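If you want the building blocks of each chain, they are given just below.
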Amino acid sequence: MILEVADLNVRFNTPEGDLHAVNGLGFSVAKGRTLGIVGESGSGKSQSVLAMMGLLAGNGSAAGSVRFDGKEILNLPPRQMNKLRGMRIAMIFQDPMTSLNPYLRIGTQMMEVLEQHKGMKRADARERSVEMLRSVHISDPGARFASYPHELSGGMRQRVMIAMALLCDPDLLIADEPTTALDVTVQAQILGLLKELQAELHTAVILITHDLGVVAGSCDDVLVIYGGQVMERGPVDEIFYAPRHPYTRGLLSSMPSQGANKHAPLTVIKGSPPDLRCLPAGCPFVARCDQRLNICESERPGQFSVGTGHLSACHLESAS
Ligand SMILES: Nc1ncnc2c1ncn2[C@@H]1O[C@H](COP(=O)(O)OP(=O)(O)O)[C@@H](O)[C@H]1O
Ligand SMILES: [Mg+2]
């Protein structure tokens, strides 16, 4: 395993009290594999990975264990964490402008990464940067090298960000909603590109999205989270064709279907996510679950094995 997360908890101190954004989250990612993390907006996806990377806001704190390549990295001193982020773990975000400097040419930014983190000479850094732009299918990479970020389209900027992220050949790439801001065609191109690069470079990937459609074609395994907790985890095919958790089933039935009943009304899960300042004692999904049992109100369900590598955190599994 390249990454093993156990009992991760993230709290935010707010004027209205403690907000429990991530609650006992656990998962692992094998070398070279892609894990999709799916959940509605506000379910704790971003804060889980920001906590792992030591990037929480000032009012946030993280507890638990995050092992990267066998070593504990949660709450490492900033200097060590910076090194790890540059060299071995890369992140990309929804908005490329959070990682690109608007005032510097793309090539300059790329060469800086290689000079700083890999100690490369200018000429080598230049060659490697152009090569990387080519591998993310930027046409005329030699010319693009001299462009400023604002001179590129959204899709191109996202490609440049992927190129920057992969420059140092990281073991793990974390992509947080990388295609959410793009239109459907460009989104598909970027996801295809990520998959292609991952196969070539054997990078492990965590792909975060609120859209189950995005994970379908891109991931090996899927983690479904809600209220900062794991609801279900399993191989992508099982999650799509044999979902067990009522929340996963709800998410699936709210996906627009592509087939014959494309025009059928969209089912959405009734209700809204739990208040993270006072989570229910039992399952966080209890208020919206149409299959709830009495025990769901009072006891947090454990994780039940429902197939190979397939877990569901639902009391229905113990009742059946
Ligand atoms: N600095 C902060 N202070 C207080 N609450 C925060 C802070 N940052 C994030 N949160 C809350 O943490 C919860 C999880 O957020 P996030 O992980 O960003 O969700 P998402 O699944 O959409 O990525 C949300 O309720 C969000 O409002
Ligand atoms: Mg997010």
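Residues numbered from 1 in each chain as written. Chains lettered and ligands numbered in written order. Predicted model: local features only at pLDDT ≥ 70, side-chain atom pairs only at ≥ 80, totals over all residues. Heavy atoms only, no water.

### Topic: the nonpolar core
Thought 1: M110, V160, I162, L173, Y247 and F285 are the most contacted members of the largest nonpolar core, which totals 53 residues.
Thought 2: Residue contributions to this core peak at eight residues, all from helix α6 (residues 154-166).
Thought 3: Residues from two domains meet in this core; each of domain 1 (3-88 + 168-319) and domain 2 (99-167) gives at least three.
Thought 4: Beyond its immediate stretch of four places on either side in the chain, Y247 contacts G39, E40, V224, I225, Y226, M231, I269 and F285. (Core = buried A, V, L, I, M, F, W, Y, C linked by side-chain atoms within 4.5 Å. Buried < 20%, exposed > 50% of the residue type's maximum accessible area, 1.4 Å probe, protein only. Helix = DSSP H or I, 4+ residues; strand = E, 2+ residues; numbered from the N terminus. Domains from an automatic or database assignment. Contact = heavy atoms within 4.5 Å.)

### A short note on the domain arrangement of the protein chain
Thought 1: In terms of domains, the protein chain is made up of domain 1 (3-88 + 168-319) and domain 2 (99-167).
Thought 2: Between the C-alpha centres of domain 1 and domain 2 there is a distance of 30 Å.
Thought 3: Of all residues in domain 1, C168, L193 and L197 give up the largest surface area on contact with domain 2, accounting jointly for 37% of the area buried on that side.
Thought 4: Counting the contacts that link domain 1 with domain 2 gives zero salt bridges.
Thought 5: Counting across the interface, domain 1 meets domain 2 through six residue pairs in polar contact (both at pLDDT 80 or more).
Thought 6: With eight residues, the single largest contributor to the side of domain 1 that touches domain 2 is helix α7 (residues 184-201). (Buried area = accessible area lost by both parts, 1.4 Å probe. Salt bridge = Lys/Arg side-chain N within 4 Å of Asp/Glu carboxyl O. Polar contact = N/O pair within 3.5 Å; in protein donor to acceptor, adjacent residues only side chain to side chain.)

### A few points about the sheet that holds strand β10 (residues 229-235)
Thought 1: Pairing is mixed in the open sheet, where eight strands are placed in the order β6-β7-β8-β3-β9-β10-β12-β11. Sheet topology places β6 (89-92) and β11 (304-307) at the edges, where each strand pairs with a single neighbour. Strand after strand, the sheet turns through a mean of 20° between neighbouring axes, direction not considered.
Thought 2: The sheet contact formed by strand β3 (residues 34-38) and strand β8 (residues 204-209) spans five bridges and is parallel. Looking across to β8, one finds that I37 is bridged to I208. (Pairing = 2+ DSSP bridges. Axes fitted to C-alpha atoms, helices over the stretch in contact; angles between N-to-C directions.)

### Considering the packing of aromatic side chains
Two aromatic rings are characterised by how far apart their centres lie and by the angle between their planes.
Thought 1: Here the structure, examined in full by the defined rule, presents three aromatic pairs.
Thought 2: When the centroid spacing of 4.6 Å and the interplanar angle of 55° are considered together, the rings of Y226 and Y247 count as tilted. Highlighted residues: Y226 in strand β9 (residues 221-226) and Y247 in helix α10 (residues 246-253), separated in sequence by 21 residues. Like Y247, Y226 is buried.
Thought 3: Through a chain of ring-to-ring contacts, the aromatic side chains of Y226, Y247 and F285 assemble into a single cluster. (Phe/Tyr/Trp six-rings, centres within 6.5 Å; stacked < 30°, edge-to-face > 60°.)

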